[in-house]
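# Observations on the three-dimensional arrangement
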Amino acid sequence: MDRFAEVDDQYDPHELEGRIFDYWDDVDAYEQTVEHRSDGETYFFVDGPPYTSGSAHMGTTWNKSLKDVYIRFLRMQGYDVTDRPGYDMHGLPIETRVEERLGFENKKDIEEFGEENFIQECKDYANEQLEGLQSDFQDFGVWMDWDDPYRTVSPEYMEAAWWGFSKAADRDLVEKGHRSISQCPRCETAIANNEVEYEDVEDPSIYVAFDLEDREGKVVIWTTTPWTIPANTFVAVDEEGEYVGVRAEKDGTDELLYVAEPKHEAVLKAGRYDDYEVVEELTGEDLIGWSYEHPLSEEVPDHPDHEGACEVYAADYVDTHGDGTGLVHSAPGHGEEDFERGRELGFPIFCPVGGDGVYTDDAGAYEGQYVKEANEEIISDLEENGSMLAAETTTHSYGHCWRCDTGIVQIVTDQWFITITDVKDELLENIGESQWYPDWARDNRFRDFVEDAPDWNVSRQRYWGIPLPVWTPEERAEPRDDGDESRARDDEEMIVISTREELAERVDQDVDPETVDLHKDTVDDLTITEDGTTYTRVPDVFDVWLDSSVATWGTLDFPEDDSRFEELWPADLILEAHDQTRGWFWSQLGMGTAALGQSPYEQVLMHGHALMPDGRAMSKSKDILVDPHEAIDRHGRDVMRTFLLSNNPQGDDMRFSWDGMQTMENHLRTLWNVFRFPLPYMRLDGFDPTETTLESVESDLEALDEWILARLQSTKAEMTEHLEEFRQDRALEALLEFVVEDVSRFYVQAVRERMWEEEDSASKRAAYATIYRVLRETVVLLAPYAPFVSEEIYGTLTGDDGHDTVHMEDWPTVDDRFVDDRLETDVAFLRAIEEAGANARQQAGRKLRWPVPRVVIAADDDRVIDAVSRHTGLLEDRLNAREIEVVSAEDRWEELAYSAEADMSELGPAFGGRAGEVMNALNEARIDEPDLAALEDAVADVLEDGESAEQRSAEDSGGDEPRAQLEESMVSFVTETPEEIAGTAFGFDGDDHGVVYVDASLTEDIESEGYAREVIRRVQEMRKDLELDVEERIVLDLEIDDDRVADLVAQRDGLVREEVRADEIRDVADDDGHRKEWDVEGVEMTIAIEPLATPEASD
RNA sequence: GGGCCAAUAGCUCAAUCAGGUUGAGCGCCACUCUGAUAAGGUGGAGGCUCUCGGUUCAAAUCCGAGUUGGCCCA
């Protein structure tokens, strides 16, 4: 780019961003930036792999923007940052999408299609989805290593998972278990608890009475899953709960029912009994040991009838105040709690349901039926045999498969676990090793989650995943689900393979470790024969959460490539949304601890979700979303990024806002305007920043130059501090405030006249050097947020002198030479005074272009007097005042009246309950002298006896309880502006520091300048109408009706001619030039201008 | 049903940790300015600080109970 090249008049994000993409390509900007830091200290960032489904949504966009801003910032600080993006490409979601595509309904369809073909389809689909995400992320301007993302389906990555699992096995944390799990009957696989989604559904709600044996009566249970009744093994009660026996009457017959006392009314109502009577009161303990007859003993001949079955037991999951009857139907085959209790009781587990949700032959009459469809028949069977007390329906939340939305069933199957409960203490300890932002996420939410976490079921009975690297002896490969616990355990004899090389060495077949694909279709055929035993592979694949859990070493291609693991691991930073506490934050901690005894990450930045403008959650499936592509279409990438990054990244959700987007565009446009303003002048004057450096003009710097440079230093310091605390939103706020408030609204406004000077001057050069430094550092500070516009500005400012890209720049550090806190405070005062002065002027009806003879500043403290006296000239300029006068607090104007403001922190403790009343009186008081005695007089009527100083001294001898009294420290006196003077209080940070009085009286000299400036302004407007060049000379024709005014303007003839570049003042013919009538403060004037013919170019 | 987080101006947030007369930006209305101008300036309207209790002389702030939203868990 050429230095100071012509730039667009208007900030046009789309064209600019397109241009910058091309430029980055041309100069290999990303590659150069990475190379530039290759010798730096390493920083190991790990990308949490998004699941490859569809395109990027606003949440992902926010996430990647956050990653990008911190990676760029760290690079600028000199770090060699690991930035390999990743994609999570296995798992049920892709399988179900591919099944839909192929029109499949269940596993049989897949088997017919062929495992190999199906896996290939999944691979193709995942790669297709990946492309969409890749191009989106690149389009957002995110700089990561897009040429080489890690993919969880690649052999190296899958090997990383095998390695991690084998390390856990080495530590004896891998176990095959016969356990109660959630099963999706459609997908025919176990799913993890965190894959279960709950939604409200209508289900049967039945009360069933089990006939007691050996005694009269029935125990009543309640369930919403009639299909689990065939597997009923026992009934559970709360040992300490209160129960009653109720004799209930219906249709002339009566029966004795046992239920929990708190529930008996509801139960009997449900049973529509005509009348009832409590005949017995018992505790849960009394019921224990009662035996009953299985309610479906005829239909299910194989029902549990072992020793101890069909009896009442105590269980801690029973609540006599909750849903149901206080007696819980328990089927260890269909629920985790029941299962655990059943185990404790030493019962065999009866589960007559297969992985497809269909009853097996154990279910007798119901064999072959899908469980939910069997509900009806079971209900009618129960009604027929007289067990049904009431059959209703109820709406409650029930678990569903997260992918296909099928209702889950609880069954007992063989699964493989990582027994993280064995290392729970280590997990909790490792939590403490990581630093979280915000910290409460770790100490509350995450710790709770980890404390409650059960063993990790890592096996899935599916196809598209990383196969378990487990081989077990062939002869023991018995069918699962048989509930037979007597056979030898597979996990005692298993072989766990850790790498491709080990695989090639140990399997019976010829395998090339370089080329082998580790998917199920390949490895299923491999066998291992050792010591005369043949081992076959366990057919399961891993839970997809296991894939990403190994990302910290998978990213490094470890163990295949062991060159960087030692140096880099564990990760310095991971950065994801709060839903990952149960997901990736957890799975990584679990795997890191199980495999390596350590947390795999040191810092966690946890952000929130992107919400709709009205606060609803975004949802792709319900089409409730803001598409990032639309945001880009409307405002561009830099605006979208800065908007997203202006939100708190720690824990809070972000509400998307089109208003917020527009505001960011306005801010960036302000920066653009600030940037392009000095360019024409710099070009014209041949300003060369490499020669006219800030250092070379240091002695010519004016107060405002020094001030804006001081502000730049504080802004850098503040931003760095915020960014290091992961609050890029606050850093951005500081930067934008600097750009908008300080640079644009104050510095540029003030410095414009210096740049308009035609002659070369030290002042102008100092201004150029100053604004050049400010702009150049500003775009470096902005570069991580808005990489496109920063690049364009940087390129235009530096030409060939800088790096090829702003992103190679070092993060700007504070330059001590320009730090000046006193000056910053001074200007803060001056700006407050100026603002108040503008206000006072408006009250006095005097525009800024009319000078005022005198501005009086009544200062409350010496700090203000110092500031004003150091910068009187500047203040005269800014307020357009001929003279500035300062009046100190001691030398106050006698015209002024005073009131008092109460300091509640002093008044409150002294006056107690009456403090509010006293405060109001003080605020309303008007006194001539700001002293306590006058004030006490003014508020005498609200003060009680003994509360004023006078009364105190009179009663001093009394020795009563001391009464409160007004003290100097309780009040501060405030000036009240007299009507004839325009005055406005000024202050900042909420404190008043004085009052600005504008004396708006007129003199001839002032009127002369005022009218002259009115004329100048109008001529300038007319020049603009004609689109004249700034330098172009004109002829001016001025006709003013009012002779006095005409004379006043004539006195400033020289000023007018110079400002409007009029070489001649004479008549302009009606036909020539540009003529306009004006009304200036009630005076009619006609102005005509005509450009002078450009003289022949002469050397 | 349980845990965590949030709730303050029309919108986005600050002030909450350490109690002391609620603030900023954006938006809106009026006026104003005009050689960076799709800008800028001044003023104005706009708040039972989600509700109800409690502690305290004093609560947006501390405590308890609830409401609504988000996430997580069951």
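Residues numbered from 1 in each chain as written. Chains lettered and ligands numbered in written order. Predicted model: local features only at pLDDT ≥ 70, side-chain atom pairs only at ≥ 80, totals over all residues. Heavy atoms only, no water.

### Details of the overall build of chain A
Selection criterion: Elements are defined by DSSP. Helices are runs of H or I of four residues or more, strands are runs of E of two residues or more, and each kind is numbered from the N terminus. In this setup the radius of gyration rests on C-alpha atoms only. A globule is expected at 2.2 Å times the number of residues raised to 0.38. Only protein chains enter the accessibility calculation, which uses a 1.4 Å probe. A residue is then buried if its area is under 20% of the maximum for its type, exposed if over 50%, and partly exposed in between. Throughout, a residue-residue contact means that at least one pair of heavy atoms, one from each residue, lies within 4.5 Å. For the accessible areas, the method is Shrake-Rupley and the probe is 1.4 Å, while residue cover comes only from the protein chains on display. Positive charges come from Lys and Arg, negative ones from Asp and Glu, while His and the chain ends are left out of the count. Taken as the charge location is NZ of Lys, CZ of Arg, CG of Asp or CD of Glu.
When you go through chain A residue by residue, the secondary structure sums to 38 helices and 38 strands. Whereas a compact globule of 1099 residues would reach a radius of gyration of roughly 31 Å, chain A reaches 41 Å, over 25% beyond that. Taking the principal axes of its C-alpha atoms as reference, chain A extends roughly 125 × 95 × 60 Å. Counting the 1099 residues in chain A, one finds 55% classified as buried. Residue pairs in contact within chain A that sit at least 24 positions apart in sequence constitute 77% of those at least 6 positions apart. Surface accessibility of chain A: about 47,300 Å² in total, with carbon and sulfur atoms responsible for 40%. A distance of 5 Å separates the average location of the 97 positive side-chain charges in chain A from that of its 269 negative side-chain charges.

### Observations concerning helix α1 (residues 13-27)
Applied cut-off: In a helix, the anticipated span is given by 1.5 Å times the number of residues less one.
Here α1 contains 15 residues, and its C-alpha end-to-end distance of 21 Å stays within 8% of the 21 Å for a straight helix at 1.5 Å per residue. If you follow the buried residues of α1, they end up packed against α2 (29-36), α21 (628-635), α22 (637-645), α23 (658-676) and α28 (787-798). Just past α1, the residue Asp28 takes up positive phi, approximately 50°.

### Topic: the sheet that holds strand β5 (residues 174-184)
As a general point, the strands of a sheet are linked pairwise by backbone hydrogen bonds and lie either parallel or antiparallel. Quick note on the threshold: Should DSSP find at least two bridges between two strands, the strands are regarded as paired. Between N-to-C directions, angles cover 0 to 180 degrees, with each direction set by a line fitted to C-alpha atoms, over the stretch in contact for helices.
Taking strand neighbours across the sheet as the criterion, the four strands line up as β6-β5-β16-β18 in an open arrangement whose pairing is antiparallel. The sheet is open, and its two edges are formed by β6 (189-191) and β18 (456-457), each paired on a single side. As judged from the two bridges shared by strand β16 (residues 409-418) and β18, these two strands associate in the antiparallel manner. Its bridge partner lying in β18, Phe417 is registered against Asn457. In this fold helix α10 (residues 336-344) packs onto β5 and β16, with an angle of close to 140° to the strand it touches most, β5.

### A short note on the domain arrangement of chain A
To be explicit about the condition: Per the annotation, domain bounds derive from an automatic or database assignment of domains.
According to the domain assignment, chain A contains domain 1 (190-413), domain 2 (662-811), domain 3 (897-976) and domain 4 (1004-1091). Computed over C-alpha atoms, the centres of domain 1 and domain 2 are 75 Å apart.

### Brief notes about the nonpolar core
Side chains of a nonpolar character, in soluble globular proteins, are inclined to be buried together. So the rule is basically this: Throughout this description, the term nonpolar core refers to a set of buried Ala, Val, Leu, Ile, Met, Phe, Trp, Tyr and Cys residues connected via side-chain atoms within 4.5 Å.
If you look at the biggest cluster of nonpolar residues, it comprises 145 residues, and the most contacted ones within it are Leu782, Tyr785, Ile833, Val855, Ile857 and Phe986. When residues in this core are grouped by element, the largest group, 13 residues, is from helix α26 (residues 728-756). In contact with Ile857, not counting residues within four places along its chain, are Ile833, Val864, Val868, Leu875, Ile884, Glu885, Val886, Val887, Phe986 and Val995. Residues Leu428, Ile497, Ala551 and Leu589 belong to the second largest nonpolar core, which totals 69 residues.

### Describing the pattern of salt bridges
Just so we agree on the cut-off: Here, a salt bridge means any Lys or Arg side-chain nitrogen found within 4 Å of an Asp or Glu carboxyl oxygen.
Summed over the entire model, instances satisfying the criterion amount to 72 salt bridges. Across the pair Arg765 and Asp760 runs a salt bridge, and its minimum N-O distance is 2.7 Å. Using a relative accessible area of 56% as the deciding quantity, one classes Asp760 as exposed. As a salt-bridge pair, Arg854 and Asp999 come within 3.7 Å of each other at their nearest N and O atoms. You can see Arg854 sitting in strand β29 (residues 854-859) and its partner Asp999 sitting in strand β34 (residues 991-999), a full 145 residues away along the chain. Overall, the relative accessible area of 25% leaves Arg854 in the partly exposed class. Judged by relative accessible area, which is 24%, Asp999 ranks as partly exposed. A cluster of three or more residues bridged by salt bridges with shared partners is formed by Arg711, Glu741, Asp742, Arg745, Glu824 and Arg831.

### Regarding unusual backbone geometry
Geometrically, the link from Tyr437 to Pro438 is a cis peptide bond, its omega value of 0° lying close to zero. One can find Pro438 in the loop between β17 (435-437) and α13 (439-452). Cis rather than trans, the peptide bond between Phe558 and Pro559 has omega equal to 10°. Tracing the backbone shows Pro559 in the loop between α18 (551-554) and α19 (565-568). At Phe726, a residue that is not glycine, the phi angle is positive and equals roughly 55°. Tracing the chain through its elements places Phe726 in the loop between α25 (703-724) and α26. The backbone of Arg1061 sits at a positive phi, close to 55°, despite the residue not being glycine. Residue class for Arg1061 comes out buried when judged on its relative accessible area of 12%.

### A closer look at the protein's contact with RNA strand B
Formally: For this purpose, a residue is taken to be near a molecule or strand whenever a single non-hydrogen atom of the residue falls within 4 Å of it. Polar contacts, as counted here, are pairs of nitrogen or oxygen atoms within 3.5 Å of one another; within protein the pair requires one atom able to donate a hydrogen and one able to accept it, and residues that are adjacent in sequence qualify only if both atoms are side-chain atoms. Residue type decides the class: Asp, Glu, Lys and Arg count as charged, Ala, Val, Leu, Ile, Met, Phe, Trp, Tyr, Cys and Pro as nonpolar, and the leftover types, Gly among them, as polar.
Neighbouring RNA strand B are 52 residues; Arg582, Arg849, Arg1017, Arg1023 and Val1030 lie closest to it. Per the 4 Å cut-off to the protein, sugar and phosphate atoms form 58% of the nearby atoms of RNA strand B. Here Gln10 contributes a side-chain N or O atom positioned 2.4 Å from a base nitrogen of RNA strand B. Between RNA strand B and Asp653 there is a distance of 2.3 Å, counted from a sugar or linking oxygen to a side-chain nitrogen or oxygen. In terms of residue class, the surface near RNA strand B is made up of 14 nonpolar, 20 polar and 18 charged.

### Things to note about the sheet that holds strand β26 (residues 603-607)
Taken in spatial order, the three strands line up as β17-β26-β25 in an open sheet, and their pairing is parallel. Strand pairing shows two members of the sheet lacking a second neighbour, β17 and β25 (574-577), which therefore form its edges. In this sheet, adjacent strand axes meet at a mean angle of 20° when their direction is disregarded. Sheet analysis places β25 next to β26, joined by four bridges and oriented parallel. Bridge pairing in β26 places Ile574 opposite Val604. Taken strand by strand, α13 contacts β17 and β26, and its axis lies near 105° from that of β17. Sheet strands touched by helix α20 (residues 584-596): β17, β25 and β26. Its angle to β25, the strand with the most contacts, is close to 135°.

### Regarding the pairing of β5
Within β5, 10 of the 11 residues are buried, leaving the element largely enclosed by the surrounding structure. Here 10 bridges tie β5 to β16, and the two strands are oriented antiparallel to one another. Paired with Gly177 across the bridge in β16 is Gln415. Relative to β6, β5 runs antiparallel, the two sharing three bridges. Across the sheet, the residue bridging to Gln183 is Ala190, located in β6.

### Remarks on helix α36 (residues 1004-1025)
Here α36 contains 22 residues, and its C-alpha end-to-end distance of 32 Å stays within 8% of the 32 Å for a straight helix at 1.5 Å per residue. Positive backbone phi, approximately 55°, marks Glu1027, located one or two places after α36.

### Considering the confidence of the model for chain A
Selection rule: pLDDT: the predictor's confidence for each residue, scored from 0 to 100.
With 93% of its residues at a pLDDT of at least 70, chain A reaches an overall mean of 86. Every residue in residues 479-483 is under pLDDT 50, and counting partners more than four places away or in other chains gives 10 contacts. Within the model, pLDDT remains below 50 along residues 954-962, and this stretch shows two contacts once partners closer than five positions in the same chain are excluded.

### Let's talk about the environment of Gly164
Structurally, Gly164 is set in helix α7 (residues 155-170). Distance from Gly164 to Leu546, taken between C-alpha atoms, is 9.4 Å for residues 382 residues apart in sequence. Each residue touching Gly164, except ones within four places of it in the same chain, is listed here: Trp553, Met591 and Ala595.

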